[in-house]
Amino acid sequence: MAEYDAEVSDDPLYILRHSTAHVLAAAVTELFPGTKYAGGPPVENGFYYDFDLSRPLSEDDLQPIEKKMGEIIARGDRFEQKLLSHAEALRIFTELDQPYKLYWINQKASADELVSSYRTGDFLDLCRGPHVATTADIPAFKLMRVAGAYWLGDERYPQLSRVYGTAWFSPEELDEYLWALEEAEKRDHKRLGRDLKIFALDERAGAGQVLWLPNGATIRRELERWIVDEELARGYQHVETPVVAKLDLFRQSGHWERYHDSMYPVMRADSGEELELRPMNCPHHILVYESELRSYRDLPLRIAEIGNNYRWEKSGELMGMIRVRSFALNDAHIFCAPDQLDAEILSVIELARYFMETLGVTDYRYRLSVRDPDKAKYVGTDEQWGNAEAALINALEAIGETFELGVGDAAFYGPKIDFQVRDAHRREFTNNTVQVDFQLPERFGLEYVAADGSRQRPVMVHRGAFGAMERMVAYMIEHYAGAFPTWLAPLQVAVLPITDAHVAYAGTVAECLRRSRVRVEVDDRSERIGKKIAEAQARKVPYMAVVGGREAEAGTVQVRNRAGEQSTEPLQDFALRVAQEIAERRR
Ligand SMILES: [Zn+2]
Ligand SMILES: [Zn+2]
């Protein structure tokens, strides 16, 4: 299929989805003569294909396209390979008026090379294969949605219509997938984040700029307190540094050179000074390191911050709280002597595992991210890269974990271990990383005074043990379907007086809980108790304390938890129990 430079895989599901994408393109060109088909690879759980038509496609077009695809599948067209000479390929795709294909032919094949194409019925596409034998070998598929996408992901080009679909080996598998998707949709953090008043997005604040509402800010504050306390206990020192710096700082660090596509536009003052919003904390933490002369006794120096960072993500890639343009990162930089490196990497992995275990994140794997063969994209010598990779592998072997290799996923300054977490939508993302860096200490000429009085260069470890607040909270909204563990729940206990006569006692109950540092609210509206309970349930409040005459007299509360379990408890016992659950951060 079209993405001529896409990876080729022999995974049967990949081949099925890839073949279905051909059928999609064939259907669209049959239905809309003159369509220019650009390309599209299989993606996680499905495939897509990009089209350039006289009008953009909409959701209404999906059904007719599916119908046409069904016809093509019923026809059982064979996937026939045709090897063309370069000149022939250019001539044929010029005749077909397919400029995007011509781009790939020119881009990917040299003049003396044969160009592989595949025909199904009247539809011809540039492709290396492999495919299923005939279109009849596609047992189950469905088109999912339409989106806009730029050619080559570049906003300077016109927008194409991207059609997403999925394909499976049986109708049962397709149904199961659609069901799981529906379930995940109910957990969607954008929907729940709005319903539970956790965050808001407002175009006036700019795309990808998250407004943390009081409920979200409470969750975030709890997380931050916990993270900072835990890190202090583990020998980190927390700092606060500014979110802007002179552009020269990022020139020196290499971020500007290697990373400027993802950085905000530069601010130029009248004085000629150039300032830039930081994409990462590293340079600032280096300045903290340099704020005094360091000795071997200072090492390892672990400098941490929950700092805001700014990255100019492409507008098409922004998504809720998951892909944003400003985010708060739990970041730290460890400056250590080379012989301290292994122990530091281990302790970072341990900390990340502790954070994730407490939050209930269990679906993750380790990826060792190394360079791809295009070494020009990276800084540093082969020896430094070799040493850094060895240190990371040692750590993974020491904890007895298996890992996958991510070729080309390294940072520009060094290899890293990534914790690849899978969310409720079965999307995978990098949450935590440990990166070994010999480069930045060199670029900044960092030193420490060794025991023998000589000047030595420290090694730097970049680490995120928790990830970004935005992404992690989005993850947890979906993971818990909005029902946060008690310690994180914005409202922990809702006190519900049965009638207006019981409001005074409800106040006493609330006061007692508040003194135990429990977040509590009294629902003193003149509403039926059934309605109050239903609303507290919708808000996913961990506990309801229902109080009436009997409770007021006995000094008790009728407790209902989210699972609907009920018990009557003395007020003091209940307050103590909840406070303990919070203190232990129980899930
Ligand atoms: Zn193909
Ligand atoms: Zn860093």
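Look above for the structure.
Residues numbered from 1 in each chain as written. Chains lettered and ligands numbered in written order. Predicted model: local features only at pLDDT ≥ 70, side-chain atom pairs only at ≥ 80, totals over all residues. Heavy atoms only, no water.

Caption draft 1: Just the overall build of the chain, in detail. Within the chain one finds 18 helices and 28 strands. Projected onto its principal axes, the C-alpha coordinates of the chain cover approximately 90 × 75 × 55 Å. Relative to its 587 residues, the chain shows a buried fraction of 52%. Counting only contacts in the chain whose residues sit at least 6 apart along the sequence, the fraction spanning at least 24 positions is 72%. With the model as given, the accessible surface of the chain reaches about 27100 Å², and the carbon-plus-sulfur share is 48%. (Helix = DSSP H or I, 4+ residues; strand = E, 2+ residues; numbered from the N terminus. Buried < 20%, exposed > 50% of the residue type's maximum accessible area, 1.4 Å probe, protein only. Contact = heavy atoms within 4.5 Å. Areas by Shrake-Rupley, 256 points an atom, 1.4 Å probe, with all protein chains shown as cover.)

Caption draft 2: Looking closely at the sheet that holds strand β12 (residues 244-246). Overall, antiparallel pairing links the three strands, which are arranged β12-β14-β13 in an open sheet. Lying at the two open borders of the sheet, with one neighbouring strand each, are β12 and β13 (267-268). With three bridges connecting them, β12 and strand β14 (residues 274-277) associate as antiparallel partners. When the sheet's bridge partners are listed, V244 is paired in β14 with L277. (Pairing = 2+ DSSP bridges.)

Caption draft 3: Representation of the pattern of salt bridges. Applying the stated criterion across every chain, the model contains 52 salt bridges. With its nearest N and O atoms 2.7 Å apart, the salt bridge here joins D50 to R162. Here D50, found in strand β3 (residues 46-52), pairs with R162, found in strand β8 (residues 159-168); they are 112 residues apart in sequence, far enough to count as distant. Summarising the burial analysis for this pair, D50 and R162 share the class buried. With a closest N to O distance of 3.3 Å, R91 and E95 form a salt bridge. Residue R91 and its partner E95 are located together in helix α3 (residues 86-95), separated by four residues, close to a single helical turn. A single network of salt bridges, built from pairs that share partners, joins E30, K68, E71, R75 and D77. (Salt bridge = Lys/Arg side-chain N within 4 Å of Asp/Glu carboxyl O.)

Caption draft 4: How the structure looks around the side chain of Q420. Inspection of the secondary structure assignment puts Q420 in strand β19 (residues 416-422). Only 2.5 Å separates the side chain of Q420 from the side chain of T430, close enough to count as a polar contact. Among residues more than four places away in sequence, those in contact with Q420 are D363, Y364, R365, R367, E428, F429 and T430. (Polar contact = N/O pair within 3.5 Å; in protein donor to acceptor, adjacent residues only side chain to side chain.)

Caption draft 5: Up close: the packing of helix α7 (residues 214-233) against helix α11 (residues 341-359). Two elements in contact, α7 and α11, have axes whose closest approach is 12 Å; the angle formed by their N-to-C orientations is 145 degrees. Every pair of crossing elements has a handedness; the one defined by α7 and α11 is right-handed. Where α7 abuts α11, its residues L223, W226, I227, E230 and E231 lie against L351, Y354, F355, T358 and L359. The residue inventory of the contact of α7 with α11, partitioned by class, reads seven nonpolar, one polar and two charged. (Axes fitted to C-alpha atoms, helices over the stretch in contact; angles between N-to-C directions. Left-handed = near helix turned anticlockwise from the far one by under 90°. Nonpolar A, V, L, I, M, F, W, Y, C, P; charged D, E, K, R; others polar.)

Caption draft 6: The arrangement of a negative patch on the surface in detail. Side chains of E172, E173, D175 and E176 sit close together on the surface and give a patch of like negative charge. Inspection of the secondary structure puts D175 in helix α5 (residues 171-186). (Patch = residues over 30% accessible without salt bridge, like charges linked within 9 Å, V, L, I, M, F, W, Y side chains within 5 Å. Lys, Arg positive; Asp, Glu negative; His and termini not counted. Charge placed at Lys NZ, Arg CZ, Asp CG, Glu CD.)

Caption draft 7: Summary view of the packing of aromatic side chains. Tallied over the entire structure, the rule returns 25 aromatic pairs. Judged by centre distance (5.1 Å) and plane angle (35 degrees), the ring pair of W168 and Y177 falls under tilted. This pair shows no difference in class: W168 is buried, exactly as Y177 is. Where Y378 meets W385, the ring centres are 5.4 Å apart and the plane angle is 75 degrees; that geometry is what we call edge-to-face. A single burial state applies to Y378 and to W385, both of which are buried. Every member of this aromatic cluster is reached through a ring pair, and the members are W226, Y354, F355, F466 and W487. Taking NZ or CZ as reference, R162 lies 3.7 Å from the ring centre of Y48, over its face. Looking at R294, its charged tip hangs above the ring of Y289, at a distance of 5.5 Å from the centre. (Phe/Tyr/Trp six-rings, centres within 6.5 Å; stacked < 30°, edge-to-face > 60°. Lys NZ or Arg CZ within 6 Å of the ring centre and 35° of its normal.)

Caption draft 8: Spatial organisation of the nonpolar core. In this structure, L223, I345, L359, I417, V493 and V495 are the most contacted members of the largest nonpolar core, which totals 84 residues. It is α11 that provides the largest number of residues to this core, a total of nine residues. When residues no more than four places from it in sequence are discounted, the contact partners of L359 are L223, W226, F466, M472, M476, H479, Y480, W487, L488 and R587. One finds F47, I138, L160 and Y177 within the second-largest nonpolar core, a separate group that totals 51 residues. (Core = buried A, V, L, I, M, F, W, Y, C linked by side-chain atoms within 4.5 Å.)

Caption draft 9: Up close: the pairing of β3. In terms of burial, β3 is largely enclosed, as six of its seven residues are buried. Note: strand β1 (residues 36-39) against β3, three bridges, orientation antiparallel. Its bridge partner lying in β3, Y37 is registered against F51. The antiparallel hairpin formed by strand β2 (residues 42-43) and β3 contains two residues in its connecting segment, where N45 sits at a positive phi of about 70 degrees. Here β3 pairs with β8 via five bridges, running antiparallel. The partner of F47 across the bridge, within β8, is G165.

Caption draft 10: Main features of the packing of α7 against helix α14 (residues 469-479). Relative to each other, α7 and α14 sit at 115 degrees, their axes nearing to 11 Å. Here α7 is positioned roughly perpendicular relative to α14, judged by the angle of their axes. The crossing of α7 and α14 is right-handed. Contacts between α7 and α14 involve I219, R220, L223, E224 and I227 from the first element and M469, E470, V473 and M476 from the second. Its residues assigned to classes, the contact of α7 with α14 shows six nonpolar, no polar and three charged. (Parallel < 35°, antiparallel > 145°, perpendicular 65-115°, else oblique.)

Caption draft 11: Quick peek at the sheet that holds strand β25 (residues 520-522). Spatially, the five strands line up as an open sheet ordered β25-β24-β26-β27-β28, and their pairing is mixed. Each edge of the sheet is formed by a strand with only one pairing partner; in this case those strands are β25 and β28 (566-570). Neighbour-to-neighbour, the strand axes of the sheet open up by a mean angle of 25 degrees, direction not taken into account. Relative to β25, strand β24 (residues 493-497) runs parallel, the two sharing three bridges. Bridge pairing in β25 links V495 to V522. Across the face of the sheet, helix α16 (residues 529-538) comes into contact with β24, β26 (543-547) and β27 (556-561) while running at roughly 170 degrees to β24. Set on the sheet, helix α18 (residues 571-583) makes contact with β24, β26, β27 and β28; between it and β28 the angle comes to about 110 degrees.

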